[in-house]
Amino acid sequence: MTDLVLAESVWEDVGPDVEALLDGWHANPGELVEAGQLLVSVVLIKSTLEIRAPSTGSISEIIVPTEATFKRGQVLGRFVPSE
Amino acid sequence: MNEPFPLGLGYLQEHHWNEQCLAQSRPALRWRLWNYPVPAVVLGCAQRTFAEHLPASDIPVVVRGSGGGAVLVGPWLLGLSLIVPASHQFANLSIVESYRSLGKLLSQCLLDFQVRAQVATAKAQSNDPHDFVHWACFGSVSVGEISSQGKKFVGLAQQRRRNGVLFVAGILCEPSPWHLLCRRLGQPMSDAERLRNRTTCVQELIGVTDSVGVLPRLGLAIDESLHQMFS
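For clarity, every value in this text was computed on a predicted model and none was experimentally measured.

A. Summary view of the overall build of chain A. When its secondary structure is counted, chain A shows 0 helices and 8 strands. Reading chain A from its N end, one meets helices and strands in the order β-β-β-β-β-β-β-β. In summary, chain A has a C-alpha radius of gyration of 12 Å against a globular reference of 12 Å for 83 residues, a match within 12%. If one aligns the C-alpha atoms of chain A with their principal axes, the spans along those axes are about 40 × 20 × 20 Å. In chain A, which comprises 83 residues, the proportion classed as buried is 45%. Expressed as a percentage of contacts within chain A between residues at least 6 apart in sequence, the contacts between residues at least 24 apart total 56%. Accessible surface, chain A as shown: approximately 4,200 Å² in total, 50% of it carbon and sulfur. Here chain A contributes 5 positive and 13 negative side-chain charges, whose respective centroids are spaced 5 Å apart.

Dropping the structure here:
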């Protein structure tokens, strides 16, 4: 199982109090996705960013819902690779 | 009229150009400047709900792919779209550093007009909740954006995809009719007054009443600066 997190590198130079917005989930829990498929869109400092599937698999859990904000390092959801 | 720099007209054309560039697996580094003969409201990607339940109007409301607040585009605004492929070093700057770099480039173009402006190094803060109009792009200042004496006139946003980064900018060349923006989105007219008080434009900063020629001159300066930066 893999934690879906906005990469640490994206937060470079960003102040400690700044939060990102989860703009939308693009796959449902349990839905099979391919490697590289778009899973979630987020917005940080007016910049839209994408988190893509690390491998074939599915989202097992959504932790941060759409339109919620989140902090650096916060787990947004969990992903289970296909065997 | 042949423009000496790539100028497109209208938000739909801009949106189409942006999406076409981002859809390419290996987009080329390129840019385009925009003017808008007809007003439209352009919402940030997270403001979709604003567009729901709005009454019909001759001012269209569209949602862009980047973040940030609502913008009223029209003849008063010069827009910029800059697409940078993922392989380019500029696309690999941090979000903050990329905004600062773009803000610095634009502020240097403004020096041609003897406009000395400040590039925000961080998001503006205030203890007064009424200080900002948070739903409007020009209602608050974020890193890289440009103000003069505390009044904003250049807004920035970006979309980061795995194949490249699209940077967008909006430069107020003339005063914006803020009441149209507030009315179209059902926001209080007091926000229009606050936006008027918190913004300026190139025309005001250079002290002219007739800004014909300002927009094309500024567009040319930006085009030349981008050529220098990316050559």
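Having put the structure on the table, let's press on.
B. Representation of the pattern of salt bridges. This model, assessed by the stated rule, comprises 13 salt bridges over all chains. Among the salt bridges present, the one from B:Arg48 reaches A:Asp23, with a minimum N-O distance of 2.7 Å. Of the two residues, B:Arg48 sits in helix 2 (residues 48–51) while A:Asp23 sits in strand 2 (residues 20–25), which places them in two different chains. Where A:Arg78 meets A:Glu61, a salt bridge forms, and the shortest distance between an N and an O atom there is 3.2 Å. Of this pair, A:Arg78 sits in strand 8 (residues 75–81) while A:Glu61 is found in strand 6 (residues 57–62), placing the two residues 17 residues apart along the sequence.

C. Fine view of the side chain of A:Ser41. All names here are of chain A. Inspection of the secondary structure puts Ser 41 in strand 4 (residues 38–44). Polar side-chain contacts of Ser 41 include one of 2.6 Å to the side chain of His 26. The residues touching Ser 41, leaving out its near neighbours within four places in the chain, are Leu 21, Leu 22, Asp 23, Gly 24, His 26 and Leu 49.

D. Expanded view of the interface of chain B and chain A. Counting from both sides, the interface comprises 25 residues of chain B and, opposite them, 17 residues of chain A. Taken together, the two surfaces of chain B and chain A that pack against each other cover about 1,500 Å², and 53% of this comes from carbon and sulfur. The largest per-residue losses of area from chain B upon contact with chain A belong to B:Ile95, B:Arg160 and B:Arg162, which jointly make up 31% of the total buried on that side. The tally of links from chain B across to chain A stands at 3 salt bridges. Our count for the chain B to chain A interface comes out at 13 residue pairs in polar contact (both at pLDDT 80 or more). Counting residues per element, the side of chain B that touches chain A draws most heavily on strand 9 (residues 151–161) of chain B, which supplies 7 residues. Looking at side-chain class alone, the side of chain B that touches chain A contains 9 nonpolar, 9 polar and 7 charged residues. Alignment of strand 5 (residues 47–52) of chain A against strand 9 of chain B, held across 2 bridges, turns out to be parallel. Bridging across to strand 9 of chain B, A:Ser47 finds its partner in B:Gln158.

E. Representation of unusual backbone geometry in the model. Residue and element names in this part refer to chain A. If you check the backbone angles, Asp 13 has positive phi at about 70 degrees while not being a glycine. Along the chain, the position of Asp 13 falls in the loop between strand 1 (2–5) and strand 2. A relative accessible area of 43% means that Asp 13 is categorised as partly exposed. Positive phi, close to 75 degrees, is recorded for Glu 67, a residue that is not glycine. When you line up the elements, Glu 67 lands in the loop between strand 6 and strand 7 (69–70).

F. Region of the structure containing the sheet that holds strand 3 (residues 32–33) of chain A. All names here are of chain A. An order of 1-8-6-3 is seen for the 4 strands of this open sheet, with the pairing classed as antiparallel. Unpaired on one side and paired on the other, strand 1 and strand 3 mark the two borders of the sheet. Pairing between strand 1 and strand 8: 4 bridges, direction antiparallel. Residue pairing in the sheet places Thr 2 in a bridge with Phe 79 of strand 8.

G. Spatial organisation of the packing of aromatic side chains. Under the counting rule described, the total for this entry stands at 7 aromatic pairs over all chains. On the numbers, 6.3 Å between centres and 75 degrees between planes, the contact of A:Trp11 with A:Phe70 is edge-to-face. One end of the pair, A:Trp11, is in the loop between strand 1 and strand 2; the other, A:Phe70, is in strand 7, with 59 residues separating them in the sequence. Judged by relative accessible area, A:Trp11 falls into the buried class, the value being 1%. Consider the rings of B:Phe138 and B:Trp178, whose centres lie 6.0 Å apart with planes at 50 degrees: the pair is tilted. Taken as a pair, B:Phe138 in the loop between strand 7 (118–119) and strand 8 (146–148) and B:Trp178 in helix 4 (residues 178–184) lie far apart in primary sequence, 40 residues in all. The exposure classification of B:Phe138 matches that of B:Trp178, with both residues buried. One aromatic cluster is present, built from ring pairs that chain together B:Trp31, B:Phe90, B:Phe167 and B:Phe230.

What counts, and where the lines are drawn
- Residues numbered from 1 in each chain as written.
- Chains lettered and ligands numbered in written order.
- Predicted model: local features only at pLDDT ≥ 70, side-chain atom pairs only at ≥ 80, totals over all residues.
- Heavy atoms only, no water.
- Helix = DSSP H or I, 4+ residues; strand = E, 2+ residues; numbered from the N terminus.
- Rg over C-alpha atoms; globule rule 2.2 N^0.38 Å.
- Buried < 20%, exposed > 50% of the residue type's maximum accessible area, 1.4 Å probe, protein only.
- Contact = heavy atoms within 4.5 Å.
- Areas by Shrake-Rupley, 256 points an atom, 1.4 Å probe, with all protein chains shown as cover.
- Lys, Arg positive; Asp, Glu negative; His and termini not counted.
- Charge placed at Lys NZ, Arg CZ, Asp CG, Glu CD.
- Salt bridge = Lys/Arg side-chain N within 4 Å of Asp/Glu carboxyl O.
- Polar contact = N/O pair within 3.5 Å; in protein donor to acceptor, adjacent residues only side chain to side chain.
- Buried area = accessible area lost by both parts, 1.4 Å probe.
- Nonpolar A, V, L, I, M, F, W, Y, C, P; charged D, E, K, R; others polar.
- Pairing = 2+ DSSP bridges.
- Phe/Tyr/Trp six-rings, centres within 6.5 Å; stacked < 30°, edge-to-face > 60°.

Structural measurements only, silent on function.
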